[in-house]
Amino acid sequence: MKLKDTGLTAQDIKDKVSKYMIETYERFDFIAETAKDQYIYDEKGEPYLDFYAGIAVNSAGNCNEKVVSAVIDQVKDIMHTFNYPYTIPQALLAEKICTTIGMDKIFYQNSGTEANEAMIKMARKYGIEKYGPNKYHIVTAKMGFHGRTFGAMSATGQPGNGCQVGFGPMTYGFSYAPYNNLEAFKNACTENTIAIMVEPVQGEGGVHPATKEFMQGLRKFCDEKGMLLLIDEVQTGWCRTGAVMSFMNYGIKPDIVSMAKALGGGMPIGAICASAEVAKAFTAGSHGTTFGGHPVSCAAALAEVNELLDRDLAGNAKKMGDYFAAKLEKLPHVKEVRHQGLLVGVEFDDSVNGVEVKHKCLEKHLLITAIGAHTIRMIPPLIITEEDCDKAFSILSEVMQEL
C-alpha cells in the first residue's frame, strides 16, 4: 500500500501509530513504502541502503521476485488451513530443509522465539521421559539472546537486565556460563542437566562468533554425558555466516537446531529440526501451533531456500563479509571488527557512541543498528556487492569524521 493511494500524509500515518499502537520500538522518521534487493524506499521514493535486511530476514534481497511469485501463486490456491490435512508446500519444504542440513525431522513454528520455545520443550520432554522427572536443566550462555517469550527469555543469559527486566520470576531450570568458555560450561552442568543451548554467533550480545574449540568441545562433552546440544540459528541460519548453517563452519551437528528469519524470505516462519531419536519426544497433542507451517509462508520459504542455495549466497556472504570487515578495520576509533560471513559487528573505543553512529548513518540513508554503548551491527542482504560495501564504508567514514 502506497501513501498516495490513501489520501493521507506521512504525518497522518505517524499520528495514527502514536495514537493507537503500543510502541516498544525506536522509530526511524520515514515510512518504508517499497523495497527491492538491497534498498528500501521511503514515501518520497528516496533510497536507503539496507544493511539490516529486516533483522537478517531478507537474505535473498528485499521482495525477491521468486519469493513474491511463490506467495502470489500460493495465495490463489489456499491461504490457510489447520494442520490436519496435508499441504504441498509443507511437505516440499520439509524435505528440502532436512536433506540440505542433514537433519531427520522438522517441526514448524511462526517465529524464532517460538522455535526456541519448541526446542526447549522438546529437550526437556526427551530428558524427563528418558531419564526421570529431574532431567530438565539447561545451560545457556551469558549475554546470549534466545527470544522474548518466557521460556526463551529465561534461557537468555542476561538476568537482571535486557529483555528480562520487569517481568517477574523467570522460568526455573536454566543456568548461565560465559560464552566461549568450555570449562565454565562443563562446571555449570549438574546431574540434572539435559542440554546445552548456544548461538554459534552471539548477535544481540555484540557479534561474538564461537571458537571452533568451544563448539567442538561442547559437542564432545554432550556426547560423553548423554546430553543434547541445542543450537540457536534463528539469526545465523541459511547462508548468513558463509555456510548454509553456522554449525557447519565447526564440523559438528546439533541434536536440535532452531531457525527462522532468513528462512521465510520476508514471510513469518520458524522451525526446529531434530534427530529422529530426540524428535520422538513430541507425540500427538504434546505440542502444536495454529499458524506454524502456514502454506503461504512455506511456499515463500521454499522459494527463498532455493534462491539462497542456487545462487550460492553462502559463498557470497563469506566473500563479502571478509571484504567488508577488512575495510571496516580502517575506520578511526575501531577497537575490534568481528564477523562471520555477513553478520558483522564493529566495536569502537569509549569515545564513540554506537547509537549516534546509527542515527548519523540514517541521516545519510544507510540502515544499521547499534548494540550496547559502543558497537554497531550490520546484517545486509546476502546479495550485496563490493560496490555496496564500498558505499556503506564511505558513509561510515563520513559519519566518523563528523562525530
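Presented here is an overview of the structure given in this document. Nothing here was measured: the structure is a model prediction, and the numbers come from that model.

Before going further, it helps to examine the overall build of the protein chain. Scanning the protein chain from N- to C-terminus turns up 13 helices and 17 strands. Taken over the C-alpha atoms alone, the protein chain extends approximately 60 × 55 × 45 Å along its principal axes. Taking all 403 residues of the protein chain together, the buried fraction comes to 54%. Sequence-distant contacts, at least 24 apart, represent 70% of the contacts inside the protein chain between residues at least 6 apart. Of the roughly 18,100 Å² of accessible surface on the protein chain, 53% is carried by carbon and sulfur atoms. Looking at charge distribution, the protein chain has the averaged site of its 40 positive side-chain charges lying 4 Å from that of its 49 negative ones.

Right, let's talk about the sheet that holds strand β6 (residues 174-177) for a bit. Here seven strands make up an open sheet; going across it, the order is β4-β12-β11-β10-β7-β5-β6 and the pairing mixed. Two strands close off the open sheet at either side, each with one partner strand: β4 (105-109) and β6. The mean angle between the axes of side-by-side strands here comes to 20°, regardless of whether they run parallel or antiparallel. With respect to the sheet, helix α4 (residues 88-101) is in contact with β4, β11 (256-259) and β12 (270-274), its orientation differing from that of β4 by roughly 125°. On top of the sheet, helix α8 (residues 212-225) reaches β7 (193-198) and β10 (228-232); it is set at about 165° to β7, its chief contact.

This part covers empty space enclosed by the protein. Inspection of every chain in the model, using the stated rule, returns one cavity of 30 Å³ or more. Lining the largest cavity are His80, Thr81, Asn83, Thr87, Gln90, Thr290, Phe291, Gly292, Gly293, His294 and Pro295. When its residues are assigned to classes, the lining of the largest cavity shows two nonpolar, nine polar and no charged.

The next point concerns the side chain of Ser59. Residue placement: Ser59 occurs in the loop between α2 (53-56) and α3 (65-77). What Ser59 contacts, discounting residues up to four positions off in sequence, is Arg240, Ala262, Glu304, Leu308, Leu313, Pro381, Leu382 and Ile383.

The next subject is unusual backbone geometry. Leaving glycine out, the prevailing phi sign among residues is negative, and the prevailing peptide bond configuration is trans. With phi around 65°, Asn180 is a residue other than glycine that occupies positive phi space. Mapped onto the elements, Asn180 comes out in the loop between β6 and α7 (182-188). Residue classification places Asn180 among the partly exposed positions, given a relative accessible area of 28%.

A few words now on α3. The terminal C-alpha atoms of α3, which comprises 13 residues, lie 19 Å apart, in line with the 18 Å expected from a rise of 1.5 Å per residue. Here α3 has its buried residues at Val67, Ala70, Val71 and Gln74. End-on view of α3: buried residues confined to an arc of 100°, all on one side of the axis. Those residues of α3 that are exposed and aimed more than 90 degrees away from the buried face are Glu65 and Lys76.

A separate point is the pattern of salt bridges. Pairing between side chains becomes possible if they bear opposite charge and their charged atoms approach one another. Here the structure, examined in full by the defined rule, presents 22 salt bridges. Note that Lys280 is salt-bridged to Glu277, the shortest N-O span being 3.7 Å. Owing to a relative accessible area of 40%, Glu277 belongs among the partly exposed residues under this scheme. Through salt bridges with shared partners, a single network forms among Lys360, Glu363, Lys364, Glu398 and Glu402.

So, about the sheet that holds strand β17 (residues 375-378). Strand order across the open sheet formed by four strands is β13-β14-β17-β16, with antiparallel pairing between neighbours. Each end of this open sheet is capped by a strand with a single partner; those strands are β13 (334-340) and β16 (369-371). When the angles between neighbouring strand axes are averaged without regard to direction, this sheet yields 25°. Two elements, β16 and β17, share three bridges in a ladder whose sense is antiparallel.

This next bit is on the packing of helix α12 (residues 354-363) against helix α13 (residues 386-402). Interhelical geometry of α12 versus α13 gives an angle of 120° and a closest axis separation of 9 Å. Here α13 runs oblique to α12, going by the angle between their axes. Seen along the crossing, α12 lies across α13 with a hand that is right-handed. Counted together, Val357, Lys360 and Cys361 of α12 and Ile395, Leu396, Val399, Met400 and Glu402 of α13 form the full contact between these two elements. Here the contact of α12 with α13 is composed, by residue class, of six nonpolar, no polar and two charged.

The next thing to look at is the layout of surface pockets. Size it by volume and the second largest pocket reaches roughly 830 Å³. Secondary structure elements with two or more residues in the lining of the second largest pocket: α4, β4 and β12. Its residues assigned to classes, the lining of the second largest pocket comprises 16 nonpolar, 10 polar and two charged.

As a further point, take the side chain of Lys327. Position of Lys327 relative to the elements: it lies in helix α11 (residues 313-328). With near-sequence residues (within four places) excluded, Lys327 lies in contact with Asp390 and Phe393.

Bringing the nonpolar core into the picture now. With 80 residues, the main nonpolar core has Ile101, Ile196 and Trp238 as its most contacted residues. Each residue touching Trp238, except ones within four places of it in the same chain, is listed here: Ile97, Thr100, Ile101, Val244, Met245, Met259, Ala262, Leu263, Val305, Leu308 and Leu382. Among the nonpolar cores identified, the runner-up in size contains 22 residues, and Met122, Ala195, Leu230 and Ala274 belong to it.

Definitions and cut-offs
- Residues numbered from 1 in each chain as written.
- Predicted model: local features only at pLDDT ≥ 70, side-chain atom pairs only at ≥ 80, totals over all residues.
- Heavy atoms only, no water.
- Helix = DSSP H or I, 4+ residues; strand = E, 2+ residues; numbered from the N terminus.
- Buried < 20%, exposed > 50% of the residue type's maximum accessible area, 1.4 Å probe, protein only.
- Contact = heavy atoms within 4.5 Å.
- Areas by Shrake-Rupley, 256 points an atom, 1.4 Å probe, with all protein chains shown as cover.
- Lys, Arg positive; Asp, Glu negative; His and termini not counted.
- Charge placed at Lys NZ, Arg CZ, Asp CG, Glu CD.
- Pairing = 2+ DSSP bridges.
- Axes fitted to C-alpha atoms, helices over the stretch in contact; angles between N-to-C directions.
- 1 Å grid on protein atoms, 1.4 Å probe; cavity = no way out; pocket = protein on both sides within 12 Å on 5 of 7 lines; lining within 4 Å.
- Points joined across faces, edges and corners; volume = space filled by probe spheres on them.
- Nonpolar A, V, L, I, M, F, W, Y, C, P; charged D, E, K, R; others polar.
- Expected span 1.5 Å × (residues − 1).
- Arc of directions from axis to C-beta.
- Salt bridge = Lys/Arg side-chain N within 4 Å of Asp/Glu carboxyl O.
- Parallel < 35°, antiparallel > 145°, perpendicular 65-115°, else oblique.
- Left-handed = near helix turned anticlockwise from the far one by under 90°.
- Core = buried A, V, L, I, M, F, W, Y, C linked by side-chain atoms within 4.5 Å.

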